[in-house]
Amino acid sequence: MSIATYRLNLRDKRYAWEDQARSQAEEVAGWLAREMCNEHQEVEWKAYVRNGSKSPVYDVLYVTRDREDLDASMPEFISLLPPDTTWDFFPTWFGDQPEGNPRVYMTFRDKRGNAWQRDTHGRLTPTRRPVDHAPPANRLTGRIR
């Protein structure tokens, strides 16, 4: 086997691993739709998070952003989203509901513990959240060193 063939095989294995690692994350999406809110008896934005994969996702942070890309509602945290599940809720807005089309920003962890983000344009990228850099907590006190 030549060095070039070895490098090509190594590259192909790396691409296959990256595709496999990304495949579950591609099945997770968030969006907003205008629907009737029975509580307020009016049409409001309703938020959705869909895990279409065959494995659960963890630590979903769902943030609604306005057209200036500022947080428009209280973030929603979902610790576990089971496989093949859609979670829905009416966001708690900061003031009035935003004009125009609000957008969704999400972060979550896949079954391997990898952190992902889906930006306000729907693009999926691996990410590291600030909590990923936190030092371990003391076992007795629970305080971070």
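What counts, and at which threshold
Residues numbered from 1 in each chain as written. Predicted model: local features only at pLDDT ≥ 70, side-chain atom pairs only at ≥ 80, totals over all residues. Heavy atoms only, no water. Phe/Tyr/Trp six-rings, centres within 6.5 Å; stacked < 30°, edge-to-face > 60°. Helix = DSSP H or I, 4+ residues; strand = E, 2+ residues; numbered from the N terminus. Buried < 20%, exposed > 50% of the residue type's maximum accessible area, 1.4 Å probe, protein only. Core = buried A, V, L, I, M, F, W, Y, C linked by side-chain atoms within 4.5 Å. Contact = heavy atoms within 4.5 Å. Salt bridge = Lys/Arg side-chain N within 4 Å of Asp/Glu carboxyl O. pLDDT = per-residue confidence, 0-100. Polar contact = N/O pair within 3.5 Å; in protein donor to acceptor, adjacent residues only side chain to side chain. Pairing = 2+ DSSP bridges. Axes fitted to C-alpha atoms, helices over the stretch in contact; angles between N-to-C directions.

## Digging into the packing of aromatic side chains
Then, in step 1: Counted according to the given criterion, the structure contains two aromatic pairs.
Then, in step 2: Ring centres of Trp31 and Tyr48 lie 5.3 Å apart, and the angle between their planes is 10°; this geometry places the pair in the stacked category. Of this pair, Trp31 sits in strand β1 (residues 28–37) while Tyr48 sits in strand β2 (residues 42–51), and the two are 17 residues apart along the sequence.
Then, in step 3: Judged by relative accessible area, Trp31 falls into the partly exposed class, the value being 35%.
Then, in step 4: Relative accessible area serves as the criterion here: at 11%, Tyr48 is assigned to the buried category.
Then, in step 5: Ring geometry for Tyr62 against Phe89: centres 5.2 Å apart, planes inclined by 75°, an arrangement best described as edge-to-face.

## Here's the deal with the nonpolar core
Across soluble globular proteins, you tend to see nonpolar side chains buried next to one another.
Then, in step 1: Grouped together as the largest cluster of nonpolar side chains are 19 residues, with contacts concentrated most on Val49, Val60, Tyr62, Met106 and Phe108.
Then, in step 2: Elements with a contribution of two residues or more to this core: β1, β2, β3 (57–65), β4 (76–81) and β6 (103–109).
Then, in step 3: Those residues in contact with Met106 that lie beyond four places of it in its chain are Val28, Ala29, Gly30, Val49, Leu61, Tyr62, Trp116, Gln117 and Arg118.

## Some details on the pattern of salt bridges
It is possible for side chains of opposite charge to pair when their charged atoms get near one another.
Then, in step 1: Scanning all chains against the criterion turns up nine salt bridges.
Then, in step 2: One salt bridge connects Asp84 with Arg50, and the closest N-O pair in it is separated by 2.5 Å. With Asp84 in the loop between β4 and β5 (85–89) and Arg50 in strand β2, the pair connects residues that are 34 residues apart, well separated along the chain.
Then, in step 3: Its relative accessible area of 53% is what places Asp84 among the exposed residues.
Then, in step 4: Two residues, Arg103 and Asp69, come together in a salt bridge whose shortest N-O distance is 3.8 Å. In this pair, Arg103 sits in strand β6 while Asp69 sits in the loop between β3 and β4, placing the two residues 34 residues apart along the sequence.

## A closer look at the confidence of the model for the protein
Then, in step 1: The pLDDT averaged across the protein works out to 84; a share of 77% of its residues lies at or above 70.
Then, in step 2: Predicted confidence in the protein is weakest over helix α1 (residues 3–25), with a mean pLDDT of 70, and strongest over β5, with 95.

## Considerations on the side chain of Arg109
Then, in step 1: Looking at the element boundaries, Arg109 is found in strand β6.
Then, in step 2: The exposure class of Arg109 is buried, given its relative accessible area of 16%.
Then, in step 3: In this structure the side chain of Arg109 is engaged in a polar contact, spanning 3.5 Å, whose partner is the side chain of Asp59.
Then, in step 4: Within the structure, the side chain of Arg109 is placed 2.9 Å from the backbone oxygen of Gly113, a separation counted as a polar contact.

## As for the sheet that holds β5
Then, in step 1: The three strands are arranged β1-β2-β5 in an open sheet whose pairing can be described as antiparallel. Of all the strands in the sheet, the pair left with one neighbour each is β1 and β5. Within this sheet the neighbouring strands show an average axis-to-axis angle of 25°, counted without direction.
Then, in step 2: Sheet analysis places β1 next to β2, joined by ten bridges and oriented antiparallel. The residue of β2 that forms the bridge with Met36 is Val43.

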